[in-house]
Amino acid sequence: MVFSRRGGLGAQDLLLSLLLLATWEVGSGQLHYSIPEEAKHGTFVGRIAQDLGLELAELVPRLFRVASKTHGDLLEVNLQNGILFVNSRIDREELCGRSAECSIHLEVIVDRPLQVFHVEVKVKDINDNPPVFRGREQIIFIPESRLLDSRFPIEGAADADVGVNALLAYTLSPSDYFSLDVQASDELSKSLWLELRKSLDREETPELRLLLTATDGGKPELQGTVELLITVLDVNDNAPLFDQAVYRVHLLETTANGTLVTTLNASDADEGANGEVVFSFDSGISRDIQEKFKVDSSSGEIRLIDKLDYEETKSYEIQVKAVDKGSPPMSNHCKVLVKVLDVNDNAPELAVTSLYLPIREDAPLSTVIALITVSDRDSGANGQVTCSLMPHVPFKLVSTFKNYYSLVLDSALDRESLSVFELVVTARDGGSPSLWATASVSVEVADVNDNAPAFAQSEYTVFVKENNPPGCHIFTVSARDADAQENALVSYSLVERRVGERALSSYVSVQAESGKVYALQPLDHEELELLQFQVSAHDAGVPPLGSNVTLQVFVLDENDNAPALLASRVGGTSGAVSELVPRLVGAGHVVAKVRAVDADSGYNAWLSYELQPAAGGARMPFRVGLYTGEISTTRVLDEADLSRYRLLVLVKDHGEPALTATATVLVTLVESGQAPKASSRASVGVAGPEAALVDVNVYLIIAICAVSSLLVLTLLLYTALRCSAPPTEGACAPGKPTLVCSSAVGSWSNSQQRRQKVCSSEGPPKTDLMAFSPGLPPSLNPSERNEQPEANLDLSGNPRQPNPDWRYSASLRAGMHSSVHLEEAGILRAGPGGPDQQWPTVSSATPEPEAGEVSPPVGAGVNSNSWTFKYGPGNPKQSGPGELPDKFIIPGSPAIISIRQEPTNNQIDKSDFITFGKKEETKKKKKKKKGNKTQEKKEKGNSTTDNSDQ
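Criteria and cut-off values
- Residues numbered from 1 in each chain as written.
- Predicted model: local features only at pLDDT ≥ 70, side-chain atom pairs only at ≥ 80, totals over all residues.
- Heavy atoms only, no water.
- Helix = DSSP H or I, 4+ residues; strand = E, 2+ residues; numbered from the N terminus.
- Buried < 20%, exposed > 50% of the residue type's maximum accessible area, 1.4 Å probe, protein only.
- Contact = heavy atoms within 4.5 Å.
- Areas by Shrake-Rupley, 256 points an atom, 1.4 Å probe, with all protein chains shown as cover.
- Core = buried A, V, L, I, M, F, W, Y, C linked by side-chain atoms within 4.5 Å.
- pLDDT = per-residue confidence, 0-100.
- Pairing = 2+ DSSP bridges.
- Axes fitted to C-alpha atoms, helices over the stretch in contact; angles between N-to-C directions.
- Salt bridge = Lys/Arg side-chain N within 4 Å of Asp/Glu carboxyl O.
- Polar contact = N/O pair within 3.5 Å; in protein donor to acceptor, adjacent residues only side chain to side chain.
- Disulfide = S-S within 2.5 Å.
- Phe/Tyr/Trp six-rings, centres within 6.5 Å; stacked < 30°, edge-to-face > 60°.
- Lys NZ or Arg CZ within 6 Å of the ring centre and 35° of its normal.

(A) Structural view of the overall build of the chain. Within the chain, the regular secondary structure consists of 9 helices and 64 strands. A burial count over the chain gives 42% of its 950 residues as buried. Considering only contacts in the chain between residues 6 or more positions apart, those separated by 24 or more positions represent 65%. Carbon and sulfur atoms provide 54% of the accessible area of the chain, an area that totals close to 50,000 Å².

Now the structure itself:
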């Protein structure tokens, strides 16, 4: 709204003001208001918040503020209602001087996000300044001899207003002698002359007093007056005359001091002293002109005595007076107009304000970082400024208004690549040669948590010996975070899970700050061979980011378990084993077998048997197999031998240090007819109590076999249905025969194997269950088999890759590499003319040809105590036709499938059955307790052997 201090605006002006206020321009984001000068404090200017599209509620949170470069206290905004009002007195003349246009430029700034609006408030002039003459009185000397229509210049008034308010009209009080002549020059200034209408007579009228009134064009009209004192002189009746009334000169603002501006020419028609002319500046000339120019009083030359500055003053109007030396002197006046020409002598000026720093690295594009204002005091092309930015990425300059730029984000930031940008803003004008100015802006990028901690590896393998002390340090994990400060502070924790029936945190812990992993309790290789868990690393950012690493902790076996003896079929006193042996048996007859297991694995579980020498150093007719534990005769027994022998068998493992156990075997030599009777008596003693147990076991075995058969049949049917469908990704495709080649580091060599793949929709096919198939065609005899190519070559002639499912502990590999060698696979015939089957065996380096060979349970895990026995080439016991191998190994599983078969003439076993791991020994014990009378009768006279052993 436009107010008038005097309240005298007409209806048309008020309407025009309202229309101008209602229809401001909305160009380049700028608002335009207008207000009259001298408005009172609190005068309404405009609803600036509403016009800028801002809500009143967000003015304070967004830090709404108004800034002006030079006039910041004249206008203010009420943050409660968003109204722009007058804060202090506005004087247009003081603000803009004689300029026709007067405006106050405001910058409206709001944050979150940063926005800048430009507001122009136009200050309208009101007629508040009356015309003012330089003095209250002007004295004019006029000779009485002047002719009619003579003209005498008088000084006019000045009005500080502009426009129509400064348009002056002059009136002269009524006079018979003079009239007022007003002439307008091309510079919009008026020249006043008194024109003589009646001849003067000094004797009648020595002086005249006239009142000159100046009236401006404002409403209401304001007036100013000056009294003209006219003194009528006698004598010198010719005044000097200039050849030009107005002199026009153009000077560059770089014109040097002492340069001649112009030369005035004035003449006087009088003679003598009355015709000598003296030049001088008019007494009312401004001080600025006096400091810039000087005039030679005799020659009329005007010279420059100080530097010009186009930016300060663009033109000068110099009033020059020519006075003769008559008495009284006569004078005349002329005007010299000096126009200053602009030169490109001012470099642009840069001002960087409203820095929004630091800037987050995830700031969106076009985010305003800083406001840049440029200015050039020159004009025209010399004052046209363009800005440029180096480097060009990732920021750019956007021109928001004339000479106003915004530094905005042009592409994505990454603090990890560069955290501080040093920018140089260059402002260059359009002059020739052009001038420029630069400003440096340092933009710091604030970190955002956009990088998760990263481990050097995705998986670590750690080897720890068992029986470690509680709280020992086993490994240190370390993750690096590319962020900074709290976003890079990494803490570590366990990814909790169950290990068996216990929580993972009961086994290990991780220090949050250092990442050190500690074992909280002693680890037992026999209980836990591999402990696999994950450690999580999280930073301290918001929100926190994290990553996991997998630790595979292999518990290395130590020899901490001594061999344990297994109970025999026939028990003696004090834990000893009693055996009855007929006299006159041949050499090599098996008398008894000592069975022992070791809970350790690898070499620590590899047992050897030694027979302790008898007391007194007497030689005994018995020996024990180094790795089989079978006690056999070394020669034919005769009548000269003792009737009772007490044999001490030392069972020792191969650990460091070795642990031992001692078994006692009581061997009684009896006559050939007494052995069956003794056996019969022993059988009668146990047949009665165990009869019922035998029947229960038989039914239990039948039920287990039935359920197992039904399960196998279901699996086979399911597999057939799945594999009969068109394969999608080859999951059910028949696997190629895979050969695992022997090597010195512990891999096994076996013949062709056929994999039965069980398909599942939840993942890739499983191949851990294997059944061995014949590796040679059935038509080949033993001699032809030797001529066949190596079984570990595929059809293309290249060695096949080892099966990755065969895994061994470190101790087992070391033992096998040092003392155990791979032997050619034992040949097992399926029947007369049937195919030969090759099976993996591991033989010891024993020098005894008749000694047996023992195979450790490869891949069986730590809890398996079953060993596969293979007779040597000198032993008559070989795999017969139709027999199956003693054991199957399931790769990747701690179980060994043991298949036990009795001879065809044995009528005691109800069925063949399969045992797994240690459970096999338990079933053996139960089976030994069955009193098999029939078998003992048929084997009368032979040595008692356990044909059901492996």
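Alright, that's what it looks like, and here's the rest.
(B) How the structure looks around the nonpolar core. Ranked by internal contacts, the top residues of the largest apolar core, which has 28 residues, are Ile-474, Tyr-492, Val-508, Leu-531, Phe-533, Val-535 and Leu-551. Elements supplying a minimum of two residues to this core: strand 33 (459-465), strand 34 (472-476), strand 36 (490-494), strand 39 (508-510), strand 40 (516-519), strand 41 (530-539) and strand 42 (546-556). Ile-35, Leu-52, Leu-75 and Val-110 belong to the second largest nonpolar core, which has 27 residues in total.

(C) A look at the confidence of the model for the chain. Confidence along the chain averages 74 in pLDDT terms, with 69% of residues attaining 70 or more. A low-confidence stretch, residues 676-691 stays under pLDDT 50, and its non-local contacts, those more than four residues away or across chains, total 11 contacts.

(D) Structural view of the sheet that holds strand 12 (residues 190-196). An order of 9-12-11 is seen for the 3 strands of this open sheet, with the pairing classed as antiparallel. Edge positions in the sheet fall to strand 9 (151-154) and strand 11 (178-184), since each of these pairs with one other strand and no more. Strand-to-strand twist in this sheet, taken as the mean axis angle between neighbours without regard to direction, amounts to 30°.

(E) Representation of the pattern of salt bridges in the model. Under the defined criterion, the tally for this structure stands at 25 salt bridges. In this structure, Asp-149 engages Arg-197 in a salt bridge whose closest nitrogen and oxygen atoms are separated by 3.3 Å. Taken together, the positions of Asp-149 in the loop between strand 8 (137-143) and strand 9 and Arg-197 in the loop between strand 12 and strand 13 (207-215) put the pair 48 residues apart, joining distant regions of the chain. For Asp-149, a relative accessible area of 46% translates into the label partly exposed. We note a salt bridge from Asp-181 to Arg-151, for which the minimum N-O separation is 3.1 Å. Highlighted residues: Asp-181 in strand 11 and Arg-151 in strand 9, separated in sequence by 30 residues. Since its relative accessible area comes to 31%, Arg-151 is described here as partly exposed.

(F) Expanded view of the sheet that holds strand 41. Taken in spatial order, the 4 strands line up as 33-42-41-36 in an open sheet, and their pairing is mixed. Whereas interior strands pair on both sides, the edge strands pair on one side only; in this sheet they are strand 33 and strand 36. Averaged over all adjacent pairs, the angle separating strand axes in this sheet is 30°, with direction ignored. Sheet topology places strand 41 next to strand 42; 9 bridges connect them, and they run antiparallel. Note that in strand 42 the partner of Ala-537 across the bridge is Ser-547.

(G) Main features of unusual backbone geometry. In this chain, Val-393 is followed by Pro-394 through a cis amide linkage whose omega measures 0°. Relative to the helices and strands, Pro-394 is located in the loop between strand 27 (385-390) and strand 28 (395-401). A cis amide bond links Glu-656 with the next residue in sequence, Pro-657, at an omega value of -5°. Secondary-structure assignment places Pro-657 in the loop between strand 50 (644-653) and strand 51 (660-670).

(H) Molecular detail of the pairing of strand 42. Bridge analysis of strand 33 against strand 42 gives 7 bridges, and the strand direction is parallel. Within strand 42, the position partnered with Phe-463 by the bridge is Phe-554.

(I) Focus on the pairing of strand 41. Judged from the 5 bridges that link them, strand 36 and strand 41 form a sheet pairing that is antiparallel. Note on strand 41: the bridge partner recorded for Ser-493 is Ser-536. A loop of 6 residues connects strand 41 with strand 42, the two strands running antiparallel in sequence.

(J) Examining the environment of Ser-399 more closely. Relative to the elements of secondary structure, Ser-399 occurs in strand 28. Separated by 27 residues in the primary sequence, Ser-399 and Ile-372 have C-alpha atoms spaced 9.4 Å apart. Those residues within four positions of Ser-399 in sequence are excluded, and the remaining contacts are Tyr-404 and Tyr-405. Of the polar contacts made by the side chain of Ser-399, one reaches the backbone oxygen of Phe-401; its length is 3.5 Å.

(K) Structural detail: the state of the cysteines. Applying the stated criterion to the full structure yields 1 disulfide. Two residues, Cys-96 and Cys-102, share a disulfide whose sulfurs are 1.9 Å apart. Taking the torsion about the S-S bond as the criterion, the Cys-96 to Cys-102 disulfide, at about 70°, is right-handed. Assessed through its relative accessible area of 1%, Cys-102 is described here as buried.

(L) Up close: the side chain of Glu-526. Following the sequence through the fold, Glu-526 ends up in the loop between strand 40 and strand 41. The class of Glu-526 is buried, set by a relative accessible area of 8%.

(M) Structural view of the packing of aromatic side chains. Counting across every chain of the model gives 12 aromatic pairs. Aromatic side chains Phe-293 and Tyr-316 sit 5.3 Å apart centroid to centroid with 75° between the ring planes, which places their arrangement in the edge-to-face category. Of this pair, Phe-293 sits in strand 20 (residues 293-295) while Tyr-316 is found in strand 22 (residues 315-324), placing the two residues 23 residues apart along the sequence. According to the relative accessible area criterion, Phe-293 is buried, its value standing at 1%. Their ring planes at 75° and their centres at 5.3 Å tell us that Phe-622 and Tyr-645 sit as a pair that is edge-to-face. With Phe-622 in strand 48 (residues 622-624) and Tyr-645 in strand 50, this pair connects stretches of sequence that are 23 residues apart. Considered together, Phe-622 and Tyr-645 belong to a single accessibility category, that of buried residues. Through pairs of rings, three or more aromatic residues link up here, namely Tyr-603, Trp-606 and Tyr-627. Sitting over the face of the ring of Trp-193, Arg-151 holds its NZ or CZ atom 4.5 Å from the ring centroid. It is Lys-314 that lies over the ring of Tyr-310; its NZ or CZ is 5.1 Å from the centre.

(N) Structural view of the side chain of Asp-447. Structurally, Asp-447 is set in the loop between strand 31 (436-446) and strand 32 (454-455). A polar atom in the side chain of Asp-447 sits 2.9 Å from the side chain of Arg-415. Engagement of the side chain of Asp-447 in a polar contact is seen with the side chain of Asn-487, the distance being 2.8 Å. For Asp-447, the residues in contact, after removing those within four places along its chain, are Glu-361, Arg-415, Glu-416, Asp-483, Ala-484 and Asn-487.

(O) Expanded view of the environment of Tyr-645. Judged by its relative accessible area of 7%, Tyr-645 is buried. Along the chain, Tyr-645 and Pro-621 lie 24 residues apart, while their C-alpha atoms are 9.6 Å from each other. Contact partners of Tyr-645, with chain neighbours within four places excluded, come to Met-620, Pro-621, Phe-622, Val-665, Leu-666, Val-667 and Leu-669. Here the side chain of Tyr-645 touches Leu-642 through a polar contact of 3.1 Å, landing on its backbone nitrogen.

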